[in-house]
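The lines below spell out each chain.
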Number of protein chains: 2
Amino acid sequence: MAKGSDTRARIIDDAIKLASLEGFAGLTVGRLAERIGMSKSGLFAHFKSKEEIDVAVLAEAVARFRDVVFLKALQAPRGEPRLRALLDRWFDWSNDLVGQPGGCLITQATVELDDRPGRARDLLVESQQQWLDALSRASRVAVEEGHFRSDLDTELFAFQLEGVILATHQAQRLLRTPDAEQRFHRAVEHLLASARASSTGTTPRAPRRSRTSAKSR
Amino acid sequence: MAKGSDTRARIIDDAIKLASLEGFAGLTVGRLAERIGMSKSGLFAHFKSKEEIDVAVLAEAVARFRDVVFLKALQAPRGEPRLRALLDRWFDWSNDLVGQPGGCLITQATVELDDRPGRARDLLVESQQQWLDALSRASRVAVEEGHFRSDLDTELFAFQLEGVILATHQAQRLLRTPDAEQRFHRAVEHLLASARASSTGTTPRAPRRSRTSAKSR
């Protein structure tokens, strides 16, 4: 059993590398078997289908993202500091990938699988939605804490932050813009400044409003 | 000759559809030949290699984008109206694709080809850079016309606008967010408001400064 799960983990690790390089369409059973030095039937002993491989690859990438980004950010104080931590950890995660061929498999997948119905797409939508929810939840807490103005549309704000993330990823990996990191930080600061209570000229609200009332838009 | 170029155009059209659905990794000579009902060697009479097909597909997508987005936007007056027209035409282009399987091949390609050196990647970088340049140039003219404040960093601004575009594409195609269009418009309005002379409390500058001085940051 231990040996079987070790082999499975090794297959997924190689599959992640192959999908990062060639996309999910390039992650075929034949090419993966060749890369690992295993027969196709040997591979099918671990994964019943191409779809099962896709799902396993994506699940592993999402799990790594959770460890490196989500869990680390939770160590920061509630509100704006935690939102900043989420964004900074995302940058580190993305930046660590820049030196590697292929880059962020999750961003890759968001484009490649967006029109292919199936369990891999479902998993991706779920994890991407969780990420956007984490950004808007942290923003909502920042409103409760009085860091951000009370009329902030936190879902729109998460959408705007995700835009900065996607543009940064493109600048890093496709365009190789030398100052991608600076642009990321300046665009994030611009959004944070627009969300802060002081930026609209209104006074900060009393902190710690209940979650229900803070949700109203 | 006419027949040959007709056939070539038909092959590219089918290749665009296949690449939109399956990505560039899924756009293989074998599958394309099968889709068209042609032998592989027949296909090779028109295109010498898989790379040549990729490049032709991308060039055609870029040409269509130029007609539908760039050229139409040029009909709007200089400055902020033209910038708005570029963004609105982009939205129409992207929105028209939502009903079709596969969606925007250019955005697809920006992720899939970002790590694959070659002529297709080169073409993509060039066209994406042209798009960003068009956004920052229109913003610079808006500064010259006195629509935007004189200290606007127009390259950062183009980066921020591209972020809204990428987040909108994700909301439309992956997440199927019902109010993607609203979010796009609100995020664009937010950026335009921040760029306008009046939003910083400074008075608008005299219009029509020379291009050189407007470029200074």
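Preceding this paragraph is the structure being described.
Rules used in this analysis
- Residues numbered from 1 in each chain as written.
- Chains lettered and ligands numbered in written order.
- Predicted model: local features only at pLDDT ≥ 70, side-chain atom pairs only at ≥ 80, totals over all residues.
- Heavy atoms only, no water.
- Helix = DSSP H or I, 4+ residues; strand = E, 2+ residues; numbered from the N terminus.
- Contact = heavy atoms within 4.5 Å.
- Areas by Shrake-Rupley, 256 points an atom, 1.4 Å probe, with all protein chains shown as cover.
- Phe/Tyr/Trp six-rings, centres within 6.5 Å; stacked < 30°, edge-to-face > 60°.
- Buried area = accessible area lost by both parts, 1.4 Å probe.
- Salt bridge = Lys/Arg side-chain N within 4 Å of Asp/Glu carboxyl O.
- Polar contact = N/O pair within 3.5 Å; in protein donor to acceptor, adjacent residues only side chain to side chain.
- Nonpolar A, V, L, I, M, F, W, Y, C, P; charged D, E, K, R; others polar.
- Least-squares fit on C-alpha atoms with pLDDT ≥ 70 in both.

## Some thoughts on the overall build of chain A
Summing up its helical and strand segments, chain A has ten helices and zero strands in all. If you list the helices and strands of chain A from N to C, you get α-α-α-α-α-α-α-α-α-α. For chain A, long-range pairs separated by at least 24 residues make up 68% of all intrachain contacts whose partners lie at least 6 apart in sequence. Surface accessibility of chain A: about 9900 Å² in total, with carbon and sulfur atoms responsible for 51%.

## Some thoughts on the packing of aromatic side chains
In this description, a pair of aromatic rings is defined by centroid distance and the angle of the planes. Scanning the model with the defined rule gives 16 aromatic pairs over all chains in all. An aromatic cluster is defined as three or more aromatic residues linked by ring pairs; in this entry it consists of F65(A), F70(A), W93(A) and W131(A).

## Side note on the interface of chain A and chain B
Opposite the 47 residues of chain A that make contact, chain B presents 47 residues. Summing the contributions of chain A and of chain B, the shared interface buries around 3900 Å²; its carbon and sulfur component is 58%. Per-residue buried area on chain A facing chain B is highest for F159(A), L174(A) and R183(A); these three make up 18% of the total on that side. Joining chain A to chain B, the criterion identifies four salt bridges. Among the ionic pairs, E155(A) bridges to R183(B), the shortest N-O distance being 3.2 Å. At the junction of chain A and chain B, the tally comes to 16 residue pairs in polar contact (both at pLDDT 80 or more). Among the elements of the structure, α1 (2-26), α6 (105-112), α7 (119-144), α8 (154-173) and α9 (180-195) of chain A are those that each provide at least two residues to the side of chain A that touches chain B. Ranked by residue count, the leading element in the side of chain A that touches chain B is α8(A), at 14 residues. Looking at the side of chain A that touches chain B, its residues break down into 18 nonpolar, 16 polar and 13 charged.

## Considering the relation of the copies chain A and chain B
The transformation that overlays chain A on chain B combines an axial shift of 0.0 Å with a rotation of 180 degrees, and the residual RMSD is 0.0 Å. Here the transformation between the copies is reduced to the relation of a two-fold axis. The C-alpha atom lying nearest the rotation axis in chain A is that of G163(A); the distance is 1.9 Å. When you check the interface residues of chain A against chain B, 100% turn up at the interface there too, and the contact is symmetric in its surfaces.

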